[in-house]
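Residues per chain, in single letters:
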Amino acid sequence: MPVLPGAEPYRHEGGEVGVLLCHGFTGSPQSLRPWAEYLAERGLTVSLPLLPGHGTRWEDMQLTGWQDWYAEVDRELRALRERCSRVFVCGLSMGGALALRLAAKHGDAVSGIVVVNPANKVHGLSAYALPLARHVVRTTKGIASDIAKEGGVEIGYDKVPLHAAHSLRNFFRLVDGELPQVTQPLLLLHSVQDHVVPPADSARVLSRVSSTDVQEIVLEQSYHVATLDHDADRIFEESFAFVERLAPEAGKQPDAVRMDQSGQAGQVGQQEGTATGG
(Lines give C-alpha, C1' and ligand atoms only; values in the text may rest on other atoms or scores of the structure.)
Protein backbone atom coordinates (compact mmCIF):
# COMPACT_ATOMS: atom_id res chain seq x y z
CA MET A 1 0.00 0.00 0.00
CA PRO A 2 1.23 3.55 -0.70
CA VAL A 3 2.36 5.61 2.29
CA LEU A 4 0.01 8.41 3.31
CA PRO A 5 1.25 11.84 2.18
CA GLY A 6 3.34 13.31 4.98
CA ALA A 7 3.87 9.98 6.74
CA GLU A 8 7.12 9.14 4.94
CA PRO A 9 10.28 8.22 6.89
CA TYR A 10 12.94 10.91 7.24
CA ARG A 11 16.73 10.62 7.19
CA HIS A 12 19.48 13.23 7.22
CA GLU A 13 23.23 12.73 6.94
CA GLY A 14 24.94 15.09 9.35
CA GLY A 15 27.86 14.86 11.74
CA GLU A 16 29.30 12.18 13.98
CA VAL A 17 26.47 12.36 16.51
CA GLY A 18 23.30 10.53 15.52
CA VAL A 19 19.73 10.59 16.77
CA LEU A 20 17.07 7.91 16.24
CA LEU A 21 13.46 9.04 16.68
CA CYS A 22 10.60 6.56 17.21
CA HIS A 23 6.99 7.53 16.53
CA GLY A 24 3.92 6.28 18.38
CA PHE A 25 1.27 3.56 18.07
CA THR A 26 -1.01 4.05 15.01
CA GLY A 27 0.90 7.28 14.25
CA SER A 28 3.62 8.08 11.73
CA PRO A 29 6.90 9.99 11.32
CA GLN A 30 4.84 13.14 10.68
CA SER A 31 4.33 13.56 14.44
CA LEU A 32 8.10 13.85 14.92
CA ARG A 33 9.13 15.40 11.60
CA PRO A 34 9.55 18.98 12.92
CA TRP A 35 11.70 17.61 15.76
CA ALA A 36 13.81 15.60 13.32
CA GLU A 37 14.32 18.62 11.06
CA TYR A 38 15.27 20.81 14.02
CA LEU A 39 18.02 18.38 15.02
CA ALA A 40 19.16 17.94 11.41
CA GLU A 41 19.51 21.69 10.97
CA ARG A 42 21.93 21.68 13.91
CA GLY A 43 24.29 19.23 12.28
CA LEU A 44 23.12 15.90 13.68
CA THR A 45 22.66 12.72 11.70
CA VAL A 46 18.97 11.86 12.05
CA SER A 47 16.90 8.74 11.40
CA LEU A 48 13.10 8.75 11.74
CA PRO A 49 11.77 5.43 10.37
CA LEU A 50 8.20 4.45 9.52
CA LEU A 51 7.22 1.48 11.67
CA PRO A 52 5.76 -1.59 9.91
CA GLY A 53 1.98 -1.47 9.50
CA HIS A 54 1.87 2.29 10.09
CA GLY A 55 1.33 5.20 7.70
CA THR A 56 -0.84 3.31 5.19
CA ARG A 57 -4.15 1.85 6.41
CA TRP A 58 -5.19 0.24 9.69
CA GLU A 59 -5.71 -3.15 8.04
CA ASP A 60 -1.96 -3.33 7.44
CA MET A 61 -1.25 -2.77 11.11
CA GLN A 62 -3.59 -5.61 12.05
CA LEU A 63 -0.98 -7.98 10.60
CA THR A 64 1.95 -6.62 12.64
CA GLY A 65 3.06 -6.79 16.26
CA TRP A 66 5.63 -5.38 18.65
CA GLN A 67 8.35 -7.65 17.30
CA ASP A 68 8.01 -5.97 13.89
CA TRP A 69 8.04 -2.44 15.31
CA TYR A 70 11.01 -3.10 17.56
CA ALA A 71 12.98 -4.87 14.83
CA GLU A 72 12.68 -1.76 12.65
CA VAL A 73 14.12 0.64 15.22
CA ASP A 74 16.75 -1.92 16.22
CA ARG A 75 17.96 -2.04 12.60
CA GLU A 76 18.03 1.74 12.40
CA LEU A 77 20.04 1.99 15.61
CA ARG A 78 22.61 -0.50 14.33
CA ALA A 79 22.91 1.44 11.07
CA LEU A 80 23.45 4.71 12.95
CA ARG A 81 26.11 3.08 15.13
CA GLU A 82 28.07 2.17 11.99
CA ARG A 83 27.94 5.78 10.85
CA CYS A 84 28.19 7.76 14.12
CA SER A 85 30.48 7.89 17.15
CA ARG A 86 27.55 8.51 19.50
CA VAL A 87 23.84 7.76 19.13
CA PHE A 88 20.87 9.03 21.14
CA VAL A 89 17.38 7.50 21.01
CA CYS A 90 14.17 9.49 21.32
CA GLY A 91 10.50 8.56 21.25
CA LEU A 92 6.92 9.70 21.65
CA SER A 93 4.35 7.52 23.45
CA MET A 94 4.92 3.90 22.33
CA GLY A 95 8.03 5.27 20.63
CA GLY A 96 9.24 6.12 24.13
CA ALA A 97 8.85 2.48 25.14
CA LEU A 98 10.76 1.44 22.01
CA ALA A 99 13.55 3.89 22.88
CA LEU A 100 13.76 2.60 26.44
CA ARG A 101 14.03 -1.01 25.27
CA LEU A 102 16.78 -0.07 22.83
CA ALA A 103 18.65 1.50 25.73
CA ALA A 104 18.10 -1.54 27.94
CA LYS A 105 19.28 -4.00 25.28
CA HIS A 106 22.14 -2.03 23.67
CA GLY A 107 23.81 -0.55 26.75
CA ASP A 108 26.75 1.73 25.97
CA ALA A 109 25.81 1.82 22.27
CA VAL A 110 23.11 4.31 23.34
CA SER A 111 24.51 7.54 24.77
CA GLY A 112 21.24 8.97 26.09
CA ILE A 113 17.45 8.79 25.91
CA VAL A 114 14.77 11.45 25.37
CA VAL A 115 11.13 10.39 25.79
CA VAL A 116 7.95 12.44 25.46
CA ASN A 117 4.79 11.14 27.17
CA PRO A 118 6.19 7.59 27.21
CA ALA A 119 3.60 4.83 27.35
CA ASN A 120 4.09 2.00 29.86
CA LYS A 121 0.72 0.27 30.16
CA VAL A 122 -2.67 -0.26 28.47
CA HIS A 123 -5.05 1.08 31.08
CA GLY A 124 -8.66 0.35 31.99
CA LEU A 125 -10.95 -2.63 31.66
CA SER A 126 -10.25 -2.79 27.92
CA ALA A 127 -6.76 -4.10 28.68
CA TYR A 128 -8.20 -7.20 30.35
CA ALA A 129 -10.73 -7.71 27.55
CA LEU A 130 -8.17 -7.54 24.74
CA PRO A 131 -7.14 -11.22 24.67
CA LEU A 132 -10.71 -12.28 23.86
CA ALA A 133 -12.19 -9.13 22.33
CA ARG A 134 -9.64 -9.06 19.52
CA HIS A 135 -11.15 -12.27 18.15
CA VAL A 136 -14.65 -10.76 18.08
CA VAL A 137 -14.14 -7.06 17.32
CA ARG A 138 -11.49 -5.91 14.85
CA THR A 139 -11.05 -2.30 15.93
CA THR A 140 -11.86 0.40 18.44
CA LYS A 141 -11.82 4.19 18.07
CA GLY A 142 -8.56 5.89 17.20
CA ILE A 143 -6.23 7.85 19.48
CA ALA A 144 -4.57 10.21 16.98
CA SER A 145 -4.48 14.02 17.15
CA ASP A 146 -4.69 14.57 20.91
CA ILE A 147 -3.35 18.11 20.45
CA ALA A 148 -4.31 21.28 22.34
CA LYS A 149 -3.05 23.64 19.64
CA GLU A 150 -5.82 24.85 17.36
CA GLY A 151 -5.50 23.31 13.92
CA GLY A 152 -2.98 20.71 15.05
CA VAL A 153 -3.39 17.43 13.20
CA GLU A 154 -1.51 14.15 13.56
CA ILE A 155 -1.42 11.75 10.62
CA GLY A 156 -2.60 8.50 12.19
CA TYR A 157 -5.31 5.88 11.94
CA ASP A 158 -8.87 6.68 12.98
CA LYS A 159 -9.17 3.10 14.26
CA VAL A 160 -7.02 0.97 16.57
CA PRO A 161 -6.63 -2.65 15.37
CA LEU A 162 -7.20 -4.86 18.41
CA HIS A 163 -4.71 -7.55 17.42
CA ALA A 164 -2.02 -4.87 17.36
CA ALA A 165 -3.28 -3.40 20.63
CA HIS A 166 -2.99 -6.82 22.28
CA SER A 167 0.59 -7.09 21.06
CA LEU A 168 1.26 -3.59 22.40
CA ARG A 169 -0.01 -4.64 25.83
CA ASN A 170 2.43 -7.55 25.85
CA PHE A 171 5.25 -5.24 24.76
CA PHE A 172 4.61 -2.80 27.59
CA ARG A 173 4.82 -5.65 30.10
CA LEU A 174 8.14 -6.73 28.59
CA VAL A 175 9.61 -3.23 28.65
CA ASP A 176 8.46 -2.58 32.21
CA GLY A 177 10.47 -5.59 33.33
CA GLU A 178 13.54 -4.31 31.48
CA LEU A 179 13.48 -0.72 32.80
CA PRO A 180 15.99 -1.44 35.60
CA GLN A 181 18.50 -2.25 32.84
CA VAL A 182 18.28 1.35 31.59
CA THR A 183 21.31 3.20 32.95
CA GLN A 184 21.91 5.94 30.38
CA PRO A 185 21.19 9.65 30.96
CA LEU A 186 17.45 10.24 30.57
CA LEU A 187 15.40 13.30 29.66
CA LEU A 188 11.68 12.71 30.20
CA LEU A 189 9.07 15.29 29.19
CA HIS A 190 5.38 14.76 29.94
CA SER A 191 2.18 16.73 29.62
CA VAL A 192 -0.05 17.76 32.50
CA GLN A 193 -3.11 16.97 30.38
CA ASP A 194 -2.83 13.85 28.26
CA HIS A 195 -5.94 12.03 27.02
CA VAL A 196 -4.00 9.00 25.71
CA VAL A 197 -1.24 8.22 28.23
CA PRO A 198 -1.70 9.22 31.90
CA PRO A 199 1.11 10.87 33.90
CA ALA A 200 1.31 7.65 35.92
CA ASP A 201 3.20 6.06 33.02
CA SER A 202 5.95 8.68 33.19
CA ALA A 203 6.13 8.29 36.98
CA ARG A 204 6.47 4.53 36.54
CA VAL A 205 9.33 4.93 34.09
CA LEU A 206 11.15 7.35 36.38
CA SER A 207 10.75 5.02 39.35
CA ARG A 208 11.97 1.90 37.53
CA VAL A 209 15.02 2.99 35.51
CA SER A 210 18.52 2.78 37.00
CA SER A 211 19.72 6.01 35.38
CA THR A 212 21.39 8.48 37.74
CA ASP A 213 21.43 11.40 35.29
CA VAL A 214 17.68 12.06 35.03
CA GLN A 215 15.84 15.24 34.07
CA GLU A 216 12.06 15.56 34.21
CA ILE A 217 10.24 18.42 32.45
CA VAL A 218 6.51 19.05 32.78
CA LEU A 219 4.75 20.39 29.69
CA GLU A 220 1.98 22.74 30.80
CA GLN A 221 0.37 23.67 27.49
CA SER A 222 0.22 20.47 25.45
CA TYR A 223 -1.77 17.26 25.22
CA HIS A 224 -0.39 13.86 24.19
CA VAL A 225 1.20 14.70 20.83
CA ALA A 226 3.31 17.42 22.42
CA THR A 227 5.79 17.40 19.52
CA LEU A 228 3.10 19.06 17.38
CA ASP A 229 1.65 21.18 20.18
CA HIS A 230 2.35 24.43 22.05
CA ASP A 231 5.41 23.01 23.83
CA ALA A 232 7.06 21.64 20.69
CA ASP A 233 9.79 24.28 20.58
CA ARG A 234 10.71 23.59 24.18
CA ILE A 235 10.97 19.86 23.46
CA PHE A 236 13.25 20.52 20.50
CA GLU A 237 15.47 22.97 22.41
CA GLU A 238 15.73 20.89 25.58
CA SER A 239 16.51 17.71 23.65
CA PHE A 240 19.29 19.36 21.66
CA ALA A 241 20.73 20.89 24.84
CA PHE A 242 20.66 17.41 26.41
CA VAL A 243 22.49 15.87 23.45
CA GLU A 244 25.01 18.72 23.27
CA ARG A 245 25.76 18.47 27.01
CA LEU A 246 26.59 14.79 26.70
CA ALA A 247 28.24 15.05 23.28
CA PRO A 248 29.76 18.56 22.88
CA GLU A 249 30.73 17.75 19.30
CA ALA A 250 27.02 17.50 18.44
CA GLY A 251 26.64 21.12 17.38
CA LYS A 252 29.51 21.05 14.92
CA GLN A 253 28.56 20.96 11.26
CA PRO A 254 30.48 18.38 9.18
CA ASP A 255 32.91 19.94 6.71
CA ALA A 256 30.86 18.71 3.77
CA VAL A 257 27.90 20.92 4.66
CA ARG A 258 29.56 23.79 6.55
CA MET A 259 28.60 26.98 4.76
CA ASP A 260 29.18 30.70 5.20
CA GLN A 261 27.41 32.97 7.68
CA SER A 262 24.37 33.44 5.41
CA GLY A 263 22.47 30.58 7.04
CA GLN A 264 22.52 28.38 3.95
CA ALA A 265 23.78 25.36 5.89
CA GLY A 266 20.42 24.75 7.55
CA GLN A 267 18.64 25.07 4.21
CA VAL A 268 20.96 22.62 2.52
CA GLY A 269 20.55 20.15 5.37
CA GLN A 270 16.76 20.36 5.27
CA GLN A 271 16.68 19.83 1.50
CA GLU A 272 18.95 16.83 1.83
CA GLY A 273 16.77 15.29 4.52
CA THR A 274 13.62 15.82 2.49
CA ALA A 275 15.17 14.32 -0.60
CA THR A 276 16.08 11.12 1.22
CA GLY A 277 12.94 11.03 3.29
CA GLY A 278 10.72 8.98 1.01
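An unreviewed UniProt entry annotates the protein as Alpha/beta fold hydrolase of Streptomyces ureilyticus.

Chemist: Teacher, can you tell me more about empty space enclosed by the protein here?
Modeler: To locate leftover empty space, one rolls a probe as large as a water molecule over the atoms. As enumerated under the stated definition, the model contains one cavity of 30 Å³ or more in all. Here the largest cavity is characterised by a volume of approximately 30 Å³. Forming the walls of the largest cavity are Asn117, Pro118, His190, Ser191, Asp194, Val197, Pro198, Pro199 and Ser202. Secondary-structure elements contributing two or more residues to the lining of the largest cavity are strand S8 (186-191) and helix H7 (199-208).

Chemist: Looking at this model, I keep getting lost on the pattern of salt bridges. Mind explaining?
Modeler: Once their charged atoms are close, side chains differing in charge can pair, the charge on each being opposite to the other. One pass over the full model with this rule turns up 14 salt bridges. A salt bridge links Glu72 to Arg75; its shortest N-O distance comes to 2.7 Å. You can see Glu72 and its partner Arg75 sitting in helix H3 (residues 66-83), three residues apart, about one turn around the helix. Its relative accessible area of 49% is what places Arg75 among the partly exposed residues. The residue Asp176 makes a salt bridge to Arg204 at a minimum N-O spacing of 2.7 Å. Here Asp176 is found in helix H6 (residues 162-178), whereas its partner Arg204 is found in helix H7, with 28 residues between them in sequence. Here Asp176 falls in the buried class, since its relative accessible area comes to 13%. The network of salt bridges with shared partners includes Glu13, Glu16 and Arg83.

Chemist: Looking at this structure, I do not really get the packing of helix H1 (residues 33-41) against helix H8 (residues 232-246). What am I missing?
Modeler: Packing of H1 against H8 brings their axes to within 10 Å, and their N-to-C directions diverge by 40°. Accordingly, the angle class assigned to the pair H1 and H8 is oblique. Here H1 and H8 pass one another in a crossing that is right-handed. When H1 is examined against H8, the residues Pro34, Trp35, Tyr38 and Leu39 are found in contact with a partner set consisting of Ile235, Phe236, Glu237, Ser239 and Phe240.

Chemist: I tried to follow the sheet that holds strand S4 (residues 86-92) on my own but got confused; where do I start?
Modeler: Think of a sheet as strands paired side by side through backbone hydrogen bonds, with each pair either parallel or antiparallel. Read from one edge to the other, the open sheet built from seven strands follows the order S1-S3-S2-S4-S5-S8-S9, with strand pairing classed as mixed. Looking at the sheet topology across the chains shown, the edges are occupied by strand S1 (10-12) and strand S9 (214-219). Neighbouring strand axes in the sheet, compared pairwise and without regard to direction, differ in orientation by 15° on average. Where S8 lies against S9, six bridges are found, and the strand directions are parallel. Following the sheet pairing, His190 is matched in S9 by Val218. Sitting on the sheet, H3 is in contact with S1, strand S2 (17-22), strand S3 (45-48) and S4, with an inclination near 170° to S2.

Chemist: I tried to follow helix H4 (residues 94-106) on my own but got confused; where do I start?
Modeler: Each α-helix winds once per 3.6 residues, and so residues spaced three or four apart point in a common direction. Taking 1.5 Å of rise per residue, the 13 residues of H4 would be expected to cover 18 Å, and the 18 Å separating its terminal C-alpha atoms lies within 8% of that figure. Buried residues dominate H4, accounting for twelve of its 13 residues. Listed as buried for H4 are Met94, Gly95, Gly96, Ala97, Leu98, Ala99, Leu100, Arg101, Leu102, Ala103, Ala104 and His106. Once H4 finishes, Gly107 follows within two positions and takes phi at roughly 55°, a positive value.

Reading the values: rules and limits
Residues numbered from 1 in each chain as written. Predicted model: local features only at pLDDT ≥ 70, side-chain atom pairs only at ≥ 80, totals over all residues. Heavy atoms only, no water. 1 Å grid on protein atoms, 1.4 Å probe; cavity = no way out; pocket = protein on both sides within 12 Å on 5 of 7 lines; lining within 4 Å. Points joined across faces, edges and corners; volume = space filled by probe spheres on them. Helix = DSSP H or I, 4+ residues; strand = E, 2+ residues; numbered from the N terminus. Salt bridge = Lys/Arg side-chain N within 4 Å of Asp/Glu carboxyl O. Buried < 20%, exposed > 50% of the residue type's maximum accessible area, 1.4 Å probe, protein only. Axes fitted to C-alpha atoms, helices over the stretch in contact; angles between N-to-C directions. Parallel < 35°, antiparallel > 145°, perpendicular 65-115°, else oblique. Left-handed = near helix turned anticlockwise from the far one by under 90°. Contact = heavy atoms within 4.5 Å. Pairing = 2+ DSSP bridges. Expected span 1.5 Å × (residues − 1).

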